[in-house]
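# Residue-level structural notes
Each chain, written out:
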Amino acid sequence: MVLKWDGHTHTRFCYHGSDAAEELYIDRAIELGFQRYTISEHPPLPAGLVDDPALFRELAMPPEELPLYMEYAKAMKRKYEGQIEITVGLELDYLPGQLDFTKQIVDQWGHELEDIVYSVHYLPGADGGARCVDFTADYFREQILSCYGTMEKAVDTYYDHVESAIVFASALPMRKRIGHINLIEKFADALPPIGEGQIRRRLERIIPLLAQGKVGIDVNTAGLRVATCGKPYVPEWFLAACREQGIETVYGSDAHKPEHVGAGWEWFEEQMRKKA
Ligand SMILES: [Zn+2]
Ligand SMILES: [Zn+2]
């Protein structure tokens, strides 16, 4: 039997999510029969990472809130002891050229972090500054596609960054997994098509890197909730291949509000019932 674990969730410390009390998320998880629940908020980002100040404010908490978040998550862990196992985590970003920023967060808080979801949310834009891959389809077209010229080039750069992210993650001392590995497909139906062959080639190359680095995958179902995606961010064949290689595969709802908790679990459970 697979452990009923939601390994990727957000809190009121997320400014593009909900301000709902954490108890609403966790009570929902308990109601749905979850045994473990990882709180994995976006940590602060380097000042000015994204040039649009309004967008930047939405992406992550300001630096002074990180200690408050850590207290909040640990308080929930204590409060729910005996009912559900809460693990304290973060969804760290792969920040090309600014890896030290992330290292510093790990150095300071690593001893209290049980789970890291490590995600690629940004690609360099025309001026070298970071651009979000998952903001809106229009933004993707204007800020990323126009810069790279073709989807193929943008997608290749994305997976190059995922590969580098695996190298970084493999050195982390706690449990870690790559967040929503196919996030680049979020707006697939609204953008020029991405070749299936390209995705398969890139993901096949990634499997041994995950296995060697002992880095898991976040089997993220949030894509099911996105109209232009309509599927989990982890293809079924890739999930099966990871299981075959002994790579840790952890379900993640990526809940940004309480009603998201556990969404898509049935799909995940069905995949895990198949023989590895
Ligand atoms: Zn988020
Ligand atoms: Zn994410």
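Below is a short write-up of the structure. Remember, it's a predicted structure, so these values are computed and weren't measured experimentally.

## Focus on the coordination of the zinc ion (ligand 1)
At this site the zinc ion (ligand 1) is bound by His16 (NE2), His42 (NE2) and His256 (NE2), with donor distances of 2.0 to 2.1 Å. If you look at the zinc ion (ligand 1) and the zinc ion (ligand 2), they sit 5.3 Å from each other. Taken as a pair, His42 in the loop between strand 2 (36-41) and helix 2 (53-59) and His256 in the loop between strand 9 (249-252) and helix 9 (265-273) lie far apart in primary sequence, 214 residues in all. Judged by its relative accessible area of 16%, His256 is buried.

## Brief notes about the packing of helix 8 (residues 236-244) against helix 9
Viewed as axis vectors pointing N to C, helix 8 and helix 9 meet at an angle of 50°, and their least axial separation amounts to 10 Å. The angle between helix 8 and helix 9 places the two elements in the oblique class. For the pair helix 8 and helix 9, the sense of crossing is right-handed. Contacts from Glu236, Leu239 and Arg243 in helix 8 reach Trp267, Gln271 and Met272 in helix 9. Split by residue class, the contact of helix 8 with helix 9 holds three nonpolar, one polar and two charged.

## Some thoughts on the sheet that holds strand 1 (residues 5-6)
Strand order in the open sheet made by the seven strands is 1-2-3-4-7-8-9, with parallel pairing throughout. Only two strands of the sheet have a single neighbouring strand rather than two, namely strand 1 and strand 9. Of the strands in this sheet, strand 4 (115-119) and strand 7 (175-178) touch helix 6 (residues 151-170), which is tilted by about 180° from strand 7. Contacting strand 8 (216-220) and strand 9, helix 8 runs over the sheet at an angle of about 150° to strand 8.

## Points about helix 7 (residues 196-213)
In this model, helix 7 (18 residues) spans 26 Å end to end at C-alpha, consistent with the 26 Å of a helix rising 1.5 Å per residue. Buried within helix 7 we find Gln198, Ile199, Arg202, Leu203, Ile206, Ile207, Leu210 and Gly213. Taken together, the buried residues of helix 7 touch helix 6, strand 7, strand 8 and helix 8. Positive phi appears at Lys214, one or two residues downstream of helix 7, with a value of about 55°.

## Brief notes about the packing of aromatic side chains
Under the definition given, this model contains twelve aromatic pairs. Judged by centre distance (5.3 Å) and plane angle (75°), the ring pair of Phe34 and Trp265 falls under edge-to-face. Separated by 231 residues along the polypeptide, Phe34 in the loop between helix 1 (22-31) and strand 2 and Trp265 in helix 9 bring together distant segments of the chain. Taken individually, Phe34 and Trp265 each receive the classification buried, so the pair is uniform in this respect. Taken together, the ring pairs connect Phe34, Tyr251, Trp265 and Phe268 into an aromatic cluster. We note Lys4 situated over the ring of Phe34; from NZ or CZ to the ring centre the distance is 4.9 Å.

Rules used throughout
- Residues numbered from 1 in each chain as written.
- Chains lettered and ligands numbered in written order.
- Predicted model: local features only at pLDDT ≥ 70, side-chain atom pairs only at ≥ 80, totals over all residues.
- Heavy atoms only, no water.
- Donors = N, O, S within 2.8 Å, 3.2 Å for Na, K, Ca; no water.
- Helix = DSSP H or I, 4+ residues; strand = E, 2+ residues; numbered from the N terminus.
- Buried < 20%, exposed > 50% of the residue type's maximum accessible area, 1.4 Å probe, protein only.
- Axes fitted to C-alpha atoms, helices over the stretch in contact; angles between N-to-C directions.
- Parallel < 35°, antiparallel > 145°, perpendicular 65-115°, else oblique.
- Left-handed = near helix turned anticlockwise from the far one by under 90°.
- Contact = heavy atoms within 4.5 Å.
- Nonpolar A, V, L, I, M, F, W, Y, C, P; charged D, E, K, R; others polar.
- Pairing = 2+ DSSP bridges.
- Expected span 1.5 Å × (residues − 1).
- Phe/Tyr/Trp six-rings, centres within 6.5 Å; stacked < 30°, edge-to-face > 60°.
- Lys NZ or Arg CZ within 6 Å of the ring centre and 35° of its normal.

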